[in-house]
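Read off the chains here:
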Amino acid sequence: MCNRHGNRGFGMRHDQYSRFTGENRGYRVPVNIVKNEGSYELHVFAPDREKEDFKINIKGHELSIAYQLKENAAEKRNWIRHEFGKASFERTFLIDESVDSENIRAEYLGGILQLTLPIIPGSEKPEKEIRVG
């Protein structure tokens, strides 16, 4: 997968900040991406969420991962200190033809949403060095 800034192993485009809601408007959920033999793994750090509340969609070459925080009366407490909390988010990634989009899998374990994006064998272009003239 590649992005508009060169071949970096996984294509990404800017986040959809206009879709954030709530007081944490600038919240950007951390994501790690690793390339394994035969697949990419995308890890979204999102502890203390319900797996049913994640929305994962693919449209064309865009993979979007979203979480909409539900208002919960139990969360409105008389905090003495409140340094972390949950927030709604959406991240969008650009994927290319080397990803088998029909077989993407997602799991939520230990506060990490993990997506496995299989690579279609033989679909990756070989690396090419470009010399500066």
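Everything below is about the structure printed above this text.
Residues numbered from 1 in each chain as written. Predicted model: local features only at pLDDT ≥ 70, side-chain atom pairs only at ≥ 80, totals over all residues. Heavy atoms only, no water.

A. Spotlight on the pattern of salt bridges. Inspection of every chain in the model, using the stated rule, returns 3 salt bridges. Ionic pairing is found between Lys86 and Asp48, a salt bridge with its closest N-O pair at 3.8 Å. One end of the pair, Lys86, is in the loop between β4 (62-67) and β5 (89-94); the other, Asp48, is in the loop between β2 (39-45) and β3 (54-59), with 38 residues separating them in the sequence. Between Glu83 and Arg81 there is a salt bridge, and its shortest N-O distance comes to 2.7 Å. With respect to class, Glu83 is no different from Arg81; both count as exposed. (Salt bridge = Lys/Arg side-chain N within 4 Å of Asp/Glu carboxyl O. Helix = DSSP H or I, 4+ residues; strand = E, 2+ residues; numbered from the N terminus. Buried < 20%, exposed > 50% of the residue type's maximum accessible area, 1.4 Å probe, protein only.)

B. Quick look at the environment of His61. Mapped onto the elements of the fold, His61 is located in the loop between β3 and β4. For His61, a relative accessible area of 37% gives the class partly exposed. As a C-alpha pair, His61 and Phe93 span 32 residues in sequence and 8.2 Å in three-dimensional space. With sequence-adjacent residues up to four places away left out, His61 is seen in contact with Phe93, Leu94, Ile95, Asp96 and Glu97. (Contact = heavy atoms within 4.5 Å.)

No statement about biological role is implied by the geometric values presented.
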